[in-house]
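# Survey of secondary and tertiary structure
If you want the building blocks of each chain, they are given just below.
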Amino acid sequence: MKPAVLSHRQWQCLLLAWLVALASTLGALFFSEVMQFEPCVLCWYQRIAMFPLVFILGVGAYTDDAGSAKYALPLALAGWGAALYHCLLYGGFIPKGLQPCGTGLSCSEVKLELVGFITIPLLSLSAFSIIVLLLIAAKKDLKK
Amino acid sequence: MTKKQLTLILSGAFMLIAFSIGIYAYSNKKDQALSQIAQDSTSVFVRPHSPTYGPDTAKVRIVEFFDPACETCRAFYPLVKQLVDAQQGKVQLVVRYIPLHQGSESAVRILEAARLQNLFWPVVQVVLNGQPMWASHNKPAPENIWGFVGNTGLDIAKARQDVNTPAVQSVIEQDMADANTLKVTRTPGFFVNGRRLQDFGYEQLAALVQEEVRKAYPQ
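Residues numbered from 1 in each chain as written. Chains lettered and ligands numbered in written order. Predicted model: local features only at pLDDT ≥ 70, side-chain atom pairs only at ≥ 80, totals over all residues.

To continue, consider the overall build of chain A. From N to C terminus, chain A includes four helices and zero strands. When its helices and strands are written in sequence order, chain A yields α-α-α-α. When the 144 residues of chain A are sorted by exposure, 35% land in the buried category. Put simply, 76% of the contacts in chain A that link residues at least 6 apart link residues at least 24 apart. (Helix = DSSP H or I, 4+ residues; strand = E, 2+ residues; numbered from the N terminus. Buried ≥ 20, exposed ≤ 12 C-beta atoms within 10 Å, placed from the backbone. Contact = placed C-beta atoms within 7 Å.)

Below, the structure written as structure tokens:
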């Protein structure tokens, strides 16, 4: 069976999702490699979900493959879950005793705040949310 | 190549370029901030307790994060002193402690006790000369140091009391904290007027010092 051909709108969704993933990946690398913030365990889980999205969505959009949204969505959802958990931890909604961190680095210590409330987990949660919505939009179109 | 593919490649390239510009701008800003901080008389680079060699009026300051048990620090010691001497008053050496080896913290405590008696430089000389006798990596014996410092003029009874004081402890903690802030993980760690010696080596250090001297003392 030949892969379904993408409509122009679907392709735009994929491209946008890819750009968000790429910006997030480069941003994460900037925080850790350039600003030298050491990523905590939860950050790593989000990275594990975000970094491959660049390649899956990139190849998907490049080869016009509608299937890529299907493969990318579970990763994006997993990352979204980790980011949500991290934000709740930051916000104090989850008691710190429950955090899954080792002795080294605290996941609940706020390292960076832009404009007063934008933290790294919030950026991550926003990026994953946008990607999930774009991928759902792309998949919905596919069924029509 | 289709129009879609071109769009994809161009937007990706645009992102990468923006990323590179970001890295460049950030590290530039950070380097400038560090150079600025390095001018202060008290900063992450130099503390009031830090031993110095060379005049305080020197405009170029070499900061060395130093471990008395480290062989490379021992090898660099005469070379760095020569670098300072050769520049005739334009360069000062600041020593910071970073005891990373086993047993070297005890050695640092003795150096610090010596500094309290204004004898840091003669004592560091004998501690480094005797390094093979006390700083073996598998069986360090910093207690042996007391055996060689006798003829430096050090008041050993006083020094033995000083090594365990909270004041000496806090000096070591401060230096280790500053090393951590500056991400010094290997010894010797050099900074010249706040600029890190990126590519390690004596020639490179001499070149960095020369460059800073030329900047600070334009002909």
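Moving on from the model shown.
This next bit is on the packing of helix α2 (residues 41-62) of chain A against helix α3 (residues 67-91) of chain A. Residues and elements named next belong to chain A. Remark: α2 packs on α3, axes separated minimally by 9 Å, with the N-to-C direction vectors making an angle of 160°. As summarised for this structure, α2 and α3 are arranged roughly antiparallel, according to the angle between their axes. Our pair here, α2 against α3, has a crossing hand that is left-handed. Contacts between α2 and α3 involve L42, Y45, Q46, A49, M50, P52, L53, I56, L57, V59 and G60 from the first element and S68, Y71, A72, L75, A76, A78, G79, A82, A83, Y85 and H86 from the second. Its residues assigned to classes, the contact of α2 with α3 shows 17 nonpolar, five polar and no charged. (Axes fitted to C-alpha atoms, helices over the stretch in contact; angles between N-to-C directions. Parallel < 35°, antiparallel > 145°, perpendicular 65-115°, else oblique. Left-handed = near helix turned anticlockwise from the far one by under 90°. Nonpolar A, V, L, I, M, F, W, Y, C, P; charged D, E, K, R; others polar.)

Here the focus is the pairing of strand β2 (residues 60-66) of chain B. Residue and element names in this part refer to chain B. Within β2, seven of the seven residues are buried, which leaves it mostly tucked inside the rest of the structure. Side chains V60, I62, E64 and F66 of β2 all project onto a buried face; the interleaved residues R61, V63 and F65 project onto the opposite face, where all are buried too. In the sheet, β2 pairs with strand β4 (residues 189-192) via four bridges, with the strands oriented antiparallel. Bridging across to β4, I62 finds its partner in V192. (Pairing = 2+ DSSP bridges.)

This part takes up the interface of chain B and chain A. Across the boundary between the two partners, chain B contributes 13 residues, which contact twelve residues of chain A. Broken down by class, the residue content of the side of chain B that touches chain A amounts to five nonpolar, six polar and two charged.

This brings us to the packing of helix α1 (residues 8-34) of chain A against α2 of chain A. All names here are of chain A. Between α1 and α2, the least distance of the axes is 8 Å, while the angle of their chain directions is 140°. The orientation of α1 relative to α2 falls into the category oblique. With respect to the hand of their crossing, α1 and α2 are arranged in left-handed fashion. Contacts between α1 and α2 involve W11, L14, L15, A17, W18, A21, L22, S24, T25 and A28 from the first element and R47, M50, F51, L53, V54, L57, G58, G60 and A61 from the second. A per-class count over the contact of α1 with α2 returns 14 nonpolar, four polar and one charged.

In this section: the nonpolar core. Residues and elements named next belong to chain B. One finds I62, V91, L111 and V209 to be the most contacted residues of the largest nonpolar core, which totals 51 residues. Every element with two or more residues in this core is listed here: β2, α2 (71-86), β3 (91-97), α3 (104-116), α4 (120-129), α8 (166-181), β4 and α9 (202-216). The contacts of L111, once residues within four sequence positions are left out, are P68, F120, V123, V124 and V127. (Core = buried A, V, L, I, M, F, W, Y, C linked by C-beta atoms within 7 Å.)

Read across the open sheet, the five strands follow the order β1-β3-β2-β4-β5 (chain B); overall the sheet is mixed. Two strands close off the open sheet at either side, each with one partner strand: β1 (52-53) and β5 (195-196) of chain B.

Attention now goes to the pairing of β4 of chain B. Residues and elements named next belong to chain B. The alternating pattern of β4 places G189 and F191 and F190 and V192 on opposite faces, both of which are buried. Sheet topology places β4 next to β5; two bridges connect them, and they run antiparallel. Paired with F191 across the strands is R196, a residue of β5. Counting the residues that bridge the hairpin from β4 to β5 gives two residues, and of these N193 lies at a positive phi of roughly 45°.

All names here are of chain B. For the bond running from T187 to P188, omega is -10°, close enough to zero to count as cis. Take P188: it is sitting in the loop between α8 and β4. The phi angle at Q88 is positive, at roughly 45°, despite the residue not being glycine. The topology assignment puts Q88 in the loop between α2 and β3. For Q88, a count of 10 C-beta atoms within 10 Å translates into the label exposed. Phi angles above zero are rare outside glycine, and K183 is one such case at about 55°. Tracing the chain through its elements places K183 in the loop between α8 and β4.

Residues and elements named next belong to chain B. Helix length check: α9 (15 residues) gives 21 Å between terminal C-alpha atoms against 21 Å at 1.5 Å per residue, within 8%. Listed as buried for α9 are L205, L208, V209, E212 and V213. Take α9 and look down its axis: the buried residues cluster within an arc of 135°, on one side only. With respect to the buried face of α9, the exposed residues turned more than 90 degrees away are E203, R214 and K215. Taken together, the buried residues of α9 touch β2, α2, β3, β4 and β5. (Expected span 1.5 Å × (residues − 1). Arc of directions from axis to C-beta.)

Residue and element names in this part refer to chain B. Per-residue confidence for chain B gives a mean pLDDT of 91, with 100% of residues at or over 70. Helix α6 (residues 145-148) is the least confidently modelled element of chain B, averaging 89 in pLDDT, while β3 averages 95, the highest of any element. Here the prediction assigns the complex a pTM of 0.68, and the interface score ipTM is 0.77. (pLDDT = per-residue confidence, 0-100.)

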